[in-house]
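# Geometric and topological summary
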Amino acid sequence: MSVSSTPFAVSFTEVATALAEAGFAASACLPPPTALDPSGFDRMLADGVGDLGWLEESRDKRLDPRFLLPTARAMIVAAIPHQHQARCGDLRRARYAAGKDYHHVARRALGRIAASLNARHATPWLHRACVDSAPINERTLARLAGLGWIGRNALLISPNLGSWLLLGVLLTEAPVVPQPGPHGADRCGRCTACESACPTRALMDRRCLTERCISYLTIEHDGVIPADLARLFQGWWFGCDRCQEVCPWNRKAPGPGDGRLAGDERDTDILAVRAADFDVHFAARAIRRLGYQRFRRNLVVACASLGRDLPPADDEGDVVRAQRVELRAGV
Ligand code: SF4
Ligand code: SF4
């Protein structure tokens, strides 16, 4: 049977049930939009994206979700809750990093669901599972699919689930019956709590200024963190959750949808981690992607932002030494 002549549609209920069993607390299905409104993306580029030059290079692809699978008939968007408790000391890391690397957990779950669709319907449909792993804008697509709205903190917020969510998109040739979610209307109202709480004043006019955001500076930025921002970090060394901690829609957030996203590690022993054991210490976690030198740079900054000095270690590289110089110069 050729894919183009497939005579039946797949019920979304079938897919949604499988997603729920895998821990995805919300999902919806749409035909892949041919193009997305570029204004928000272009404004972000115009504000500056620092070391994320690949965002600009992939602009056109990101604005056409079908780029990743031109024969796609359906776009399934799903959200899986991650750990929503801090579970760390005053040296803080983003909650999503408490557990196993979500890229693997969520993407593999979507891949298994795609494979089971093919098996049940005995059809070799092609699929593409994306979890922060391809040039596609999961957040915008989740809003279009009716999973929630984009808040003033520039994150997707579900009225039922809050924003402690990881988003995934499954583009598929399977002819899944469209079923949008019920949400999408902006429900921030007059609240501006996230803007006020942001340590570096990165939020303004309903957007996040990439180059001021601690998440970008600690995870994506390669070089030295400017001292004027570094001193505002409030102890964050991997990502930042401040604009979600204060969001009233997170008061009733559910627990992790998959036990592997809960995380057993409290990350209170991180100052003792050295280059030789970094990979093992953070095995299978998103933090490992940092690499030791940026990890150490971040610790130097986080400690300094709490008024503490982190004594030098003999395995520190150029970026860490340069960060120490930057902090001393910025005092
Ligand atoms: S992640 Fe932190 S630094 Fe970035 S916008 Fe939110 S509160 Fe501000
Ligand atoms: S803190 Fe308030 S303004 Fe910010 S995203 Fe949440 S509801 Fe919206």
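These numbers were taken from a predicted model, which means no experiment stands behind them. (Residues numbered from 1 in each chain as written. Chains lettered and ligands numbered in written order. Predicted model: local features only at pLDDT ≥ 70, side-chain atom pairs only at ≥ 80, totals over all residues. Heavy atoms only, no water.)

## Some remarks on a positive patch on the surface
- On the surface, a cluster of positive charge is made up of Arg-107, Arg-108, Arg-112 and Arg-128.
- Element by element, the count of residues in the positive patch is highest for helix H5 (residues 102–121), at three residues.
- Note on Arg-108: relative accessible area 53%, which makes it exposed. (Patch = residues over 30% accessible without salt bridge, like charges linked within 9 Å, V, L, I, M, F, W, Y side chains within 5 Å. Areas by Shrake-Rupley, 256 points an atom, 1.4 Å probe, with all protein chains shown as cover. Salt bridge = Lys/Arg side-chain N within 4 Å of Asp/Glu carboxyl O. Lys, Arg positive; Asp, Glu negative; His and termini not counted. Charge placed at Lys NZ, Arg CZ, Asp CG, Glu CD. Helix = DSSP H or I, 4+ residues; strand = E, 2+ residues; numbered from the N terminus. Buried < 20%, exposed > 50% of the residue type's maximum accessible area, 1.4 Å probe, protein only.)

## Points about the side chain of Arg-296
- Mapping Arg-296 onto the fold places it in helix H12 (residues 292–305).
- Among the polar contacts made by the side chain of Arg-296, one reaches the main-chain carbonyl oxygen of Pro-311 at a distance of 3.0 Å.
- Not counting residues up to four positions away in its chain, the partners in contact with Arg-296 are Leu-271, Val-273, Arg-274, Leu-310, Pro-311, Pro-312, Ala-313, Glu-316, Val-320 and Arg-324. (Polar contact = N/O pair within 3.5 Å; in protein donor to acceptor, adjacent residues only side chain to side chain. Contact = heavy atoms within 4.5 Å.)

## Topic: the sheet that holds strand S7 (residues 165–172)
- Spatially, four strands are ordered S1-S2-S7-S4 in an open sheet, and the strand pairing comes out antiparallel. Of all strands in the sheet, those bounded by a partner on one side alone are strand S1 (26–30) and strand S4 (127–130). Averaged over all adjacent pairs, the angle separating strand axes in this sheet is 15°, with direction ignored.
- Relative to S7, strand S2 (residues 74–81) is paired through eight bridges, and the arrangement is antiparallel. The partner of Ile-76 across the bridge, within S7, is Leu-170.
- Sheet strands in contact with helix H1 (residues 12–21) are S1 and S2, and its direction is about 150° off that of S1.
- On the sheet, H5 packs against S2, S4 and S7 and is oriented at approximately 160° with respect to S4. (Pairing = 2+ DSSP bridges. Axes fitted to C-alpha atoms, helices over the stretch in contact; angles between N-to-C directions.)

## Digging into the packing of aromatic side chains
- Inspection of every chain in the model, using the stated rule, returns 11 aromatic pairs.
- Centroid distance Trp-149 to Trp-249: 5.1 Å. Interplanar angle 80°. Geometry classified as edge-to-face. Of this pair, Trp-149 sits in strand S5 (residues 149–150) while Trp-249 sits in the loop between helix H10 (242–245) and helix H11 (275–281); the two residues are 100 residues apart in sequence, bridging distant segments of the chain.
- Here Trp-149 falls in the buried class, since its relative accessible area comes to 1%.
- Ring centres of Phe-282 and Phe-295 lie 5.3 Å apart, and the angle between their planes is 65°; this geometry places the pair in the edge-to-face category. Of this pair, Phe-282 sits in the loop between H11 and H12 while Phe-295 is found in helix H12, placing the two residues 13 residues apart along the sequence. The burial state of Phe-282 is the same as that of Phe-295; both residues are buried. (Phe/Tyr/Trp six-rings, centres within 6.5 Å; stacked < 30°, edge-to-face > 60°.)

## Considering the domain arrangement of the chain
- Split into domains, the chain comes out as domain 1 (3–172) and domain 2 (193–330).
- Taken over C-alpha atoms, the centre of domain 1 sits 24 Å from the centre of domain 2.
- Contacts between the two partners involve 51 residues from domain 1, matched on the other side by 58 residues from domain 2.
- Counting the surface lost from both domain 1 and domain 2, the interface buries some 4700 Å², and carbon and sulfur atoms represent 52% of this.
- Looking at the side of domain 1 facing domain 2, the largest losses of area belong to Leu-91, Arg-92 and Arg-152, adding up to 17% of the total buried there.
- Counting across the domain 1 and domain 2 interface gives seven salt bridges.
- Here Arg-93 makes a salt bridge to Asp-267, at a shortest N to O gap of 2.6 Å.
- Applying the counting criterion to the domain 1 and domain 2 interface returns 27 residue pairs in polar contact (both at pLDDT 80 or more).
- With five residues, the single largest contributor to the side of domain 1 that touches domain 2 is H5.
- Tallied by class, the residues present in the side of domain 1 that touches domain 2 amount to 24 nonpolar, 15 polar and 12 charged. (Domains from an automatic or database assignment. Buried area = accessible area lost by both parts, 1.4 Å probe. Nonpolar A, V, L, I, M, F, W, Y, C, P; charged D, E, K, R; others polar.)

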